[in-house]
Structures are given as C-alpha cells and as structure tokens.
Amino acid sequence: MSIDEFGGGQGPHPDVLVVTTNDVPGYEVTEVIGEVFGLTVRSRHLGSQIGAGLKSMVGGELKGLTKTLVETRSQAMERLVEQARARGANAVLMFRFDVAAAADVGTEVCAYGTAAVISPRV
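Residues numbered from 1 in each chain as written. Predicted model: local features only at pLDDT ≥ 70, side-chain atom pairs only at ≥ 80, totals over all residues. Heavy atoms only, no water.

> What am I meant to see in the layout of surface pockets here?
Taking a probe equal in size to a water molecule and rolling it over the atoms shows the remaining empty space. A volume near 200 Å³ is recorded for the largest pocket. Gly8, Gly9, Gln10, Ser74 and Met77 are, among the 14 residues lining the largest pocket, the residues nearest its centre. Among the elements that line the lining of the largest pocket, the one with the most residues is helix α3 (residues 63-86), at six residues. Here the residues of the lining of the largest pocket are counted per class, giving six nonpolar, six polar and two charged. (1 Å grid on protein atoms, 1.4 Å probe; cavity = no way out; pocket = protein on both sides within 12 Å on 5 of 7 lines; lining within 4 Å. Points joined across faces, edges and corners; volume = space filled by probe spheres on them. Helix = DSSP H or I, 4+ residues; strand = E, 2+ residues; numbered from the N terminus. Nonpolar A, V, L, I, M, F, W, Y, C, P; charged D, E, K, R; others polar.)

Right, dumping it as structure tokens:
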C-alpha cells in the first residue's frame, strides 16, 4: 500500500479549512454558522471479509480493512466540507471523527465540527 492509500486529510490551500483546534492562528472567527457533519456507512465485500478473517488468525495488518476505513473517512470528510461550503463557511473548527458499527453489517463514520467564517487578523 502506498502512502496515498492509507493517508488522508486536506491538500494545500483548501477553500474550506478543516482544523481540530478551536481557533486558527492569525485568523479571527467572524461568524459561527453551527454544527456540520458528513456521514457514510460502508460494508466490506465478501472477499475482504474472508481475507480479514484468515489474516486475524496469523496476525498483522488487515490492509483491505485499513483501505476501506481510509476511503470511508475521506468520503465523510468530503461530505462535511460540502455541507460547510453550502452554508457559507470557509472553515470547520473542532473537527472530529466518530466511528461505530452499523448493525453488524458495516461501519458508520461521521465527520463533524463547527462551521465558521474566519478572516485574517489585521
């Protein structure tokens, strides 16, 4: 697996900045829009489940499951950014992920945070 397959996050100079902090150094929050989230539920295909079951007997990374979770988190984050942008935000503060099993058939991933408008301090 290459770094692109198991890494995530935003590229340089996004139009909606997503941070895990309460504020952004050098910027001030000019408007708090409110909570935004991106949600997705994914299931693994049968081949991946069989492979993960066999791999769990001998130990080691479950690469198929890792790749699925990275893709799922990326999709949830993309949906979060789309919602923030649609509501007029240029930032999401206090960004977090929540992950849960969805009725034993998949994984639910929710990306959430506070949509805001920020501007450079003068």
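> Can you walk me through a nonpolar patch on the surface in this structure?
Residues Phe37, Leu39 and Tyr112 make up a contiguous nonpolar surface patch of roughly 250 Å² in combined accessible area. Relative to the elements of secondary structure, phenylalanine 37 occurs in strand β2 (residues 27-42). The class for phenylalanine 37 is partly exposed, based on a relative accessible area of 41%. (Patch = residues over 30% accessible without salt bridge, like charges linked within 9 Å, V, L, I, M, F, W, Y side chains within 5 Å. Areas by Shrake-Rupley, 256 points an atom, 1.4 Å probe, with all protein chains shown as cover. Salt bridge = Lys/Arg side-chain N within 4 Å of Asp/Glu carboxyl O. Buried < 20%, exposed > 50% of the residue type's maximum accessible area, 1.4 Å probe, protein only.)

> Looking at this model, I keep getting lost on the nonpolar core. Mind explaining?
Burial of nonpolar side chains together is a common tendency in soluble globular proteins. Ranked by internal contacts, the top residues of the largest apolar core, which has 14 residues, are Val18, Val36, Leu80, Ala84, Val92 and Phe95. The set of elements that each furnish at least two residues to this core consists of α3, β3 (91-102) and β4 (106-120). Per element, the largest residue contribution to this core is five residues, and it comes from α3. (Core = buried A, V, L, I, M, F, W, Y, C linked by side-chain atoms within 4.5 Å.)

> Please clarify how the packing of aromatic side chains should be interpreted in this entry.
The relation between two aromatic rings is expressed through the spacing of the ring centres and the mutual angle of the planes. The final tally for this structure, using the stated rule, is one aromatic pair. With a centroid separation of 4.9 Å and an interplanar angle of 75°, the aromatic rings of phenylalanine 95 and phenylalanine 97 are classed as edge-to-face. When its relative accessible area of 28% is taken as the criterion, phenylalanine 97 is described as partly exposed. Here arginine 73 stacks its cationic end above the ring of phenylalanine 97, 4.5 Å away from the centre of that ring. (Phe/Tyr/Trp six-rings, centres within 6.5 Å; stacked < 30°, edge-to-face > 60°. Lys NZ or Arg CZ within 6 Å of the ring centre and 35° of its normal.)

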